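What follows is each chain in one-letter form.
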Amino acid sequence: MEVEYPVPRRDESKVDIYHGTEVPDPYAWLEDPDSEETKAFVDAQNQITMPFLDNSSVREKFKERMTELYDYPKYSCPYKRGKRYYYYYNSGLQNQSVLYVQDSLNSSARVFFDPNKLSEDGTVALQSTSGMQTRQHITQVAKFSEECEYFAYGLSSSGSDWVTIKFMKVDDEKELPDILERVKFSSLAWTHDAKGIFYNRYPDEPGKADGTETTSNLNQKLYYHVIGTEQSADILVAEFPENPKWTSGATVTDDGQYVVLSISEGCKPVNRLWYCDLRQLTNGITGLLPWVKLIDNFDAKYSYVTNEDTLFTFRTNLNSPRYKLINIDLKYPDPSQWKTLIPEHEKDVLDFASCVNQKYLVVDYLHDVKDVLHLYDLSSGVFLKNLPLEIGTIAGFSGRKRDSEIFYKFTSFLTPGIIYQCDLSSDNPEPKVFREVEVKGFNVSEYQTAQVFYPSKDGTEIPMFLVHKKGVKLDGSNPVFLHGYGGFSCSLQPYYSVQYLIFVRHLGGILAIPNIRGGGEYGETWHEDGILNKKQNGFDDFQCAAEYLIKNGYTSSRNLAINGASNGGLLVAACVNQRPDLFGCAVAEVGVMDMLKFHKFTIGHAWTTDYGCSDDKEQFNYLIRYSPLHNISVPPQGVQYPAVLLLTADHDDRVVPLHSLKYIATLQHIVGKSPSQKNPLMIRIDVKSGHGAGKPTSKIIQEESDIFTFVAETLNLKWLE
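The structure displayed is predicted, hence computed values, not measured ones. (Residues numbered from 1 in each chain as written. Predicted model: local features only at pLDDT ≥ 70, side-chain atom pairs only at ≥ 80, totals over all residues. Heavy atoms only, no water.)

Student: Could you give an account of the overall build of the protein chain, naming the residues involved and the relevant values?
Tutor: Helices and strands together make up the secondary structure of the protein chain, namely 10 helices and 42 strands. Here the C-alpha radius of gyration of the protein chain, 25 Å, is about what a compact globule of 721 residues would show, namely 27 Å. If one aligns the C-alpha atoms of the protein chain with their principal axes, the spans along those axes are about 75 × 60 × 50 Å. Buried residues in the protein chain amount to 62% of all 721 residues. By sequence separation, contacts in the protein chain at least 24 residues apart represent 59% of the contacts at least 6 residues apart. Working note: accessible area of the protein chain is about 28100 Å², and carbon and sulfur atoms make up 47% of it. When the 72 basic and 94 acidic side-chain charges of the protein chain are each reduced to a single mean position, those positions are 2 Å apart. (Helix = DSSP H or I, 4+ residues; strand = E, 2+ residues; numbered from the N terminus. Rg over C-alpha atoms; globule rule 2.2 N^0.38 Å. Buried < 20%, exposed > 50% of the residue type's maximum accessible area, 1.4 Å probe, protein only. Contact = heavy atoms within 4.5 Å. Areas by Shrake-Rupley, 256 points an atom, 1.4 Å probe, with all protein chains shown as cover. Lys, Arg positive; Asp, Glu negative; His and termini not counted. Charge placed at Lys NZ, Arg CZ, Asp CG, Glu CD.)

Student: Outline the state of the cysteines, supporting the account with residue identities and numerical values.
Tutor: Scanning the model with the defined rule gives zero disulfides in all. With no disulfide of its own, Cys544 lies 9.8 Å from the sulfur of Cys575, the closest cysteine sulfur. Classification of Cys544 by relative accessible area gives buried; the value is 11%. Free of any disulfide, Cys585 has its nearest cysteine sulfur in Cys575, 14 Å distant. (Disulfide = S-S within 2.5 Å.)

Student: Summarise the environment of Asp403; cite the residues concerned and give the values.
Tutor: Here Asp403 is to be found in the loop between strand S31 (393–398) and strand S32 (405–412). Between the C-alpha atoms of Asp403 and Gln421, which are 18 residues apart in sequence, the distance is 12 Å. Beyond its immediate stretch of four places on either side in the chain, Asp403 contacts Lys80, Val356 and Asn357.

Student: So, the sheet that holds strand S16 (residues 196–201): which residues are in play, and what are the values?
Tutor: Taken in spatial order, the four strands of this open sheet run S15-S16-S17-S18, and their pairing is antiparallel. Edge positions in the sheet fall to strand S15 (188–190) and strand S18 (235–238), since each has one partner strand and no second. Sheet twist, expressed as the mean angle between neighbouring strand axes with direction ignored, is 30°. In terms of strand pairing, S16 meets strand S17 (residues 221–226) through six bridges, oriented antiparallel. Each bridged residue has a counterpart across the sheet, and for Asn200 the counterpart in S17 is Leu222. (Pairing = 2+ DSSP bridges. Axes fitted to C-alpha atoms, helices over the stretch in contact; angles between N-to-C directions.)

Student: Give a description of the packing of aromatic side chains that names residues and reports values.
Tutor: Within this structure, the stated rule accounts for 54 aromatic pairs. With centroids separated by 5.2 Å and ring planes inclined at 80°, the aromatic side chains of Tyr258 and Phe312 adopt a geometry described as edge-to-face. Note that Tyr258 is positioned in strand S20 (residues 258–264) and Phe312 in strand S24 (residues 311–316), a separation of 54 residues in sequence. The exposure class assigned to Tyr258 is buried, which follows from its relative accessible area of 3%. Here Tyr495 and Tyr500 contribute two aromatic rings whose centre-to-centre distance is 6.1 Å and whose plane-to-plane angle is 55°, an arrangement assigned as tilted. By relative accessible area, which is 8% here, Tyr495 ends up buried. You can call Tyr500 buried: its relative accessible area is 4%. Counting every residue linked through ring pairs, the aromatic cluster contains Phe62, Phe413, Phe465, Phe481, Tyr495, Tyr500, Phe503, Phe708 and Trp719. Sitting above the plane of the Trp162 ring, Lys184 keeps its charged end 4.3 Å from the centroid. The ring centre of Tyr87 lies 5.3 Å from the NZ or CZ of Arg435, which sits over that ring. (Phe/Tyr/Trp six-rings, centres within 6.5 Å; stacked < 30°, edge-to-face > 60°. Lys NZ or Arg CZ within 6 Å of the ring centre and 35° of its normal.)

Student: Please provide a residue-by-residue account of the nonpolar core, values included.
Tutor: Counting residues in each nonpolar core, the largest one holds 130 residues, and the members touching the most others are Met464, Leu482 and Tyr611. With 21 residues, the next largest nonpolar core counts Val237, Ala250, Ile263 and Trp291 among its residues. (Core = buried A, V, L, I, M, F, W, Y, C linked by side-chain atoms within 4.5 Å.)

Student: Talk me through the pairing of strand S38 (residues 510–514); I want residue IDs and the actual numbers.
Tutor: For S38, the buried fraction is high: five of the five residues fall into the buried class. With burial as the criterion, each face of S38 is covered, one bearing Ile510, Ala512 and Pro514 and the other bearing Leu511 and Ile513. Taken together, the four bridges between strand S36 (residues 461–469) and S38 define a ladder with antiparallel strand orientation. For Phe465, the partnering residue across the bridge sits in S38 and is Ile513. Bridge count between strand S37 (residues 480–483) and S38: three bridges; the pairing is parallel.

Student: Go over empty space enclosed by the protein with me, naming the residues and quoting the values.
Tutor: Overall, the coordinates contain six cavities of 30 Å³ or more when judged by the stated rule. The space that makes up the second largest cavity amounts to roughly 60 Å³. Taken together, Thr123, Ser158, Gly159, Lys688, Ser689, Gly690, His691, Gly692, Ala693, Gly694, Lys695 and Pro696 make up the full set of residues lining the second largest cavity. Along the lines of polarity and charge, the residues of the lining of the second largest cavity split into two nonpolar, eight polar and two charged. (1 Å grid on protein atoms, 1.4 Å probe; cavity = no way out; pocket = protein on both sides within 12 Å on 5 of 7 lines; lining within 4 Å. Points joined across faces, edges and corners; volume = space filled by probe spheres on them. Nonpolar A, V, L, I, M, F, W, Y, C, P; charged D, E, K, R; others polar.)

Student: Before we move on, could you go through the side chain of Arg517 and cite the residues and values that matter?
Tutor: One can find Arg517 in the loop between S38 and helix H4 (524–528). Engagement of the side chain of Arg517 in a polar contact is seen with the side chain of Thr460, the distance being 3.2 Å. Engagement of the side chain of Arg517 in a polar contact is seen with the side chain of Asp541, the distance being 2.8 Å. Ignoring any residue separated from it by four or fewer positions in sequence, one finds Arg517 in contact with Ser456, Asp458, Thr460, Ile462, Gly486, Trp526, Asp529, Gly530, Asn537, Gly538 and Asp541. (Polar contact = N/O pair within 3.5 Å; in protein donor to acceptor, adjacent residues only side chain to side chain.)

Student: How would you summarise the sheet that holds S24 if you had to cite specific residues and measurements?
Tutor: The strand order across the open sheet formed by four strands is S23-S24-S25-S26, and the pairing between neighbours is antiparallel. Both edges of this open sheet fall to strand S23 (302–308) and strand S26 (339–342), since each of them pairs with a single strand only. Adjacent strand axes in the sheet meet at a mean angle of 30°, parallel and antiparallel pairs treated alike. Summarising the sheet, S23 and S24 pair through six bridges and their orientation is antiparallel. Its bridge partner lying in S24, Thr306 is registered against Thr313.

Student: Quick rundown of the side chain of Asp540? Include the residues and the values.
Tutor: Relative to the helices and strands, Asp540 is located in helix H5 (residues 535–551). As a buried residue without a salt bridge, Asp540 has its nearest oppositely charged side chain in Lys457, at a separation of 4.6 Å. Excluding its chain neighbours within four sequence positions, the residues that come into contact with Asp540 are Ser456 and Lys457. (Salt bridge = Lys/Arg side-chain N within 4 Å of Asp/Glu carboxyl O.)

Student: Pulling in residues and values, what's your account of the pattern of salt bridges?
Tutor: In this structure the tally under the stated criterion is 39 salt bridges. Lys597 is the partner of Glu31 in a salt bridge, and the nearest nitrogen-oxygen pair spans 2.7 Å. In this pair, Glu31 sits in the loop between strand S2 (21–24) and helix H1 (36–54) while Lys597 sits in the loop between strand S40 (585–589) and helix H7 (608–611), placing the two residues 566 residues apart along the sequence. Overall, the relative accessible area of 8% leaves Lys597 in the buried class.

Student: Residue-level account of the packing of helix H2 (residues 57–70) against helix H3 (residues 498–506), with values.
Tutor: At their nearest, the axes of H2 and H3 sit 10 Å apart, and the two run at 125° to each other. Viewed along their axes, H2 and H3 adopt a mutual orientation that is oblique. The way H2 lies across H3 gives a crossing that is right-handed. Within the contact between the two elements, H2 uses Phe62, Arg65, Met66, Leu69 and Tyr70 and H3 uses Val498, Gln499, Ile502, Phe503 and His506. Partitioning the contact of H2 with H3 into residue classes produces seven nonpolar, two polar and one charged. (Parallel < 35°, antiparallel > 145°, perpendicular 65-115°, else oblique. Left-handed = near helix turned anticlockwise from the far one by under 90°.)

Below, the structure is given as structure tokens:
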């Protein structure tokens, strides 16, 4: 198809110099989201993309079917606070899930907090936290005090990472006047006396802070807010003026006696660990706390699990890339005195551990990207029993040291959610189904999930999940949706996705998800093999997945669509630049495209642990080799770029929109002008949306419908009833 692309101004005089190398940046003006020129560029792009999508016969059918299949009840695991149980519930198409309360598991539930009432369009949400960009293991920034006197909750608007913390009194459900602003990437931790809460905030700065700004986030500090006081009176308890990029998170221990501070610099799974004995504060919390620096280096990651007085249990990757549990007695803090409680497994990754019913540890392992749940004795580390699971993912877990029961939510590509309950106070605890959700109108028995292993360029075996109809013909004719991530130690595990199932059912497709290096599927070694100067390994893994699918008859290059978001958007763009001949369609969502300047905007400086930084000459040399923005060229004769759709949003203050805007401008200028380029090169820029967290249901359905409409149109797919 012939597309007449906008012709934005190119500032040829804008040239940056990196270690003696000149690098043109003619679209640097697109870094200003508020300029009239940038706004005009955004409008011009949407005026090309939206009519293209509107004219598709698939779009309304996909949206209608997704609305139908998305309309199923969605539950979180119940969790006990005080004498009551709480859980999140969405009846199906509500924009935001609602928090319910019940006096017992058998009593009727009532609404405790409904974020849908905060905005007509659902763009005010209980803030969610996750990895850089994953679609699972997402938790709300919301905390009850220890005995459930108060409820603290964080609200975000239009998908921004900025949060406003508000408070409710639980018994009468009345909102308190306390409001906390300038909060981002924050922990919430109540002291057990319920007098106040630890939280993180950034300093006041001139200019806006609504999610559309690009200024760097520096000098995060930890404060203690006393209930009933103004934020201006909050007590600064930890700061790092000599290390402005450090961020921290506070945890109050199970016994309420200590506050543990985890300090990070970037996204690498390492942290410092400080603590303060709250019993030593005879006058209460009045200023900077007398922190004891238990671990004062960035050699490994340490996560608090539980403690018995001074004996602390941590999950760590210290000399154990697949993680282990260790005990540290604060009375004997020298590393020579540390004891291993549960050693590192020879293959599986110890993904999380939780202490329940005072004496047990529930430990989750990742075995070839599938969750396995075990029960251990806390005092000895002895294995007690398996908690059986199907092949899939633990998408939710609740249970604390003081609780005698646990709940966990299982999901897979074909299972939306089964919640199990297990009473650990019984002599022989056995899980039982507490709640199971079925989706009407879709017969999962007609489909199957398989896991295959294929060799990458260097011979490394890479696992990949495949979901397709039973009896699929391997004649190269099937459309494939190949989704990847490969970064920040995030694992792509099986999860239920309505849009994927519609692609398989109604567009005759196959879903393929390879677990490429850079993720956490096999621990820290797997992660480190796909970052920094080894980032190309992940790109090779992804391209080899495509070649495997073609070679084995699943598809052909013209029928192959690739997709990824955030770091996965970088993956897609880099692979398209390197192998434009290998794919028929590429959809890159909120991708990191300018690898030379990403660290200058919002929280981008934290990603240098995975990517490196162009300020360093050696790192510049490998970044410039794959940076999507800087490696666009017209392919050899007879080859064109696949159809490309970028997605970004005006309130994305994680991966700011300038990445996608500059990339599409460059792509259209260089490749779009080529006579052989017939496939469209487009971008969809949403408004009142962010990086993904807290996105209302209505926007999710519209966005996914647009993505698969683009795939269907560009791969010439017909809708199958």
